[in-house]
Amino acid sequence: FPDGKMAGQRVRQPVRLIDFAPTVAEMVGLEWPNAMDGESMLAVARGEEPEDRLIYMETGLSEPRYWVKGHKKYPFKKVSKRYSVSPETGRVHIRPKFRTALIRSKERAIQVGPHKLIWHSLKKGMRVDLFDRSEDVLNRVDISEDRPDLVEALGAKMVPFLEADGIQAPPVSTWLEE
């Protein structure tokens, strides 16, 4: 930052890539002409925001080799088939016939503090895994059955994101049973 401001400052909570542009824009006093998905991290860096900030993550197109057993399959064989180019704008976009299937196949995650809840889209239903990233940074030990209270609390925070994508999730109190 200019004049070495905040040199050596370390933010210990998760930061999203989409937060980078709004942070730089705020730091240099740039007025952004359009809405942005990210949030400036300057308040976090100054210690003005709590550390347990909600972070929402999702996949766009994930690799089948990383899927859990029973994951929903994509309705195309080649990744390149999901795209088309608009003749009017020249922009690349997802073909409308694949959009709904891709949205419904995404993995989603919510992280608050050290706890991360991952939603897996399955052919039949869904599955969630819960991780304590302070103890397990590689997400290898699912603690969901040990902490149903956290599954329900984080699940409640995830529901609005699922609904925004048109997914009617079962009640969060039943997610471990699903």
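Coordinates for the structure precede this section.
Presented here is a report on the structure given in the accompanying data block. For every chain, the first residue of the written sequence is number 1, and numbering continues from 1 onward in sequence order. Given that this is a predicted model, residues contribute local features only at a pLDDT of at least 70 and side-chain atom pairs are listed and counted only at 80 or more, while totals for whole chains, interfaces and linings are drawn from all residues. The side-chain quantities take in all heavy atoms of the structure and omit both hydrogens and water.

1. Things to note about the overall build of the protein chain
- For the protein chain, the count of helices and strands is 4 helices and 6 strands.
- Helix and strand definitions here come from DSSP, where helices need a minimum of 4 consecutive H or I residues and strands a minimum of 2 consecutive E residues; each element is numbered from the N-terminal end. When the elements of the protein chain are put in sequence order from the N terminus, they spell out α-α-β-β-β-α-β-β-β-α.
- C-alpha extents for the protein chain along the principal axes are approximately 55 × 55 × 25 Å.
- Note on contacts: a residue pair is in contact if any heavy atoms of the two residues lie within 4.5 Å. Sequence-distant contacts in the protein chain: of pairs separated by 6 or more residues, those separated by 24 or more amount to 47%.

2. Here's the deal with the nonpolar core
- Counting 18 residues, the largest nonpolar core has Leu 117, Trp 119, Val 128, Leu 130, Met 158 and Trp 175 as the members making the most contacts within it.
- Of all the elements in the fold, those that place two or more residues in this core are strand E4 (108-112), strand E5 (115-121), strand E6 (126-132) and helix H4 (148-164).
- Contact partners of Trp 119, with chain neighbours within four places excluded, come to Lys 106, Glu 107, Arg 108, Met 126, Arg 127, Val 128, Met 158, Leu 162, Ile 167, Ala 169, Pro 170 and Trp 175.
- Nonpolar core, defined: a set of buried Ala, Val, Leu, Ile, Met, Phe, Trp, Tyr and Cys residues in which side-chain atoms within 4.5 Å join the residues together. Note on exposure labels: buried denotes an accessible area under 20% of the residue type's maximum, exposed denotes more than 50%, and partly exposed covers the range between, all computed with a 1.4 Å probe on protein chains only. Core analysis: the next-biggest nonpolar cluster, separate from the first, contains 5 residues, Tyr 74, Phe 76, Phe 98 and Leu 102 among them.

3. Here's the deal with the sheet that holds E4
- A pair of strands is treated as paired once DSSP finds two or more bridges between them. Read from one edge of the open sheet, 4 strands run E1-E4-E5-E6, paired in antiparallel fashion. Two strands bound the open sheet, and with one partner strand each, they are strand E1 (54-58) and E6. If you compare each strand with its neighbour and ignore which way they point, the axes differ by 15° on average.
- Relative to E5, E4 runs antiparallel, the two sharing 5 bridges. Across the sheet, the residue bridging to Ile 110 is Leu 117, located in E5. Orientation is described by lines fitted to C-alpha atoms, with helices fitted over the stretch in contact, and by angles between N-to-C directions that extend from 0 to 180 degrees.

4. What to know about the pairing of E5
- With respect to burial, E5 is a largely interior element, 7 of its 7 residues being buried.
- Between the antiparallel neighbours E4 and E5 lie 2 residues, among them Gly 113 with a positive phi of about 60°.
- Bridge count between E5 and E6: 7 bridges; the pairing is antiparallel. Directly across from Lys 116, in E6, lies its bridge partner Phe 131.
- Here E5 folds back onto E6 in antiparallel fashion, the turn holding 4 residues, of which Gly 125 has a positive phi close to 90°.

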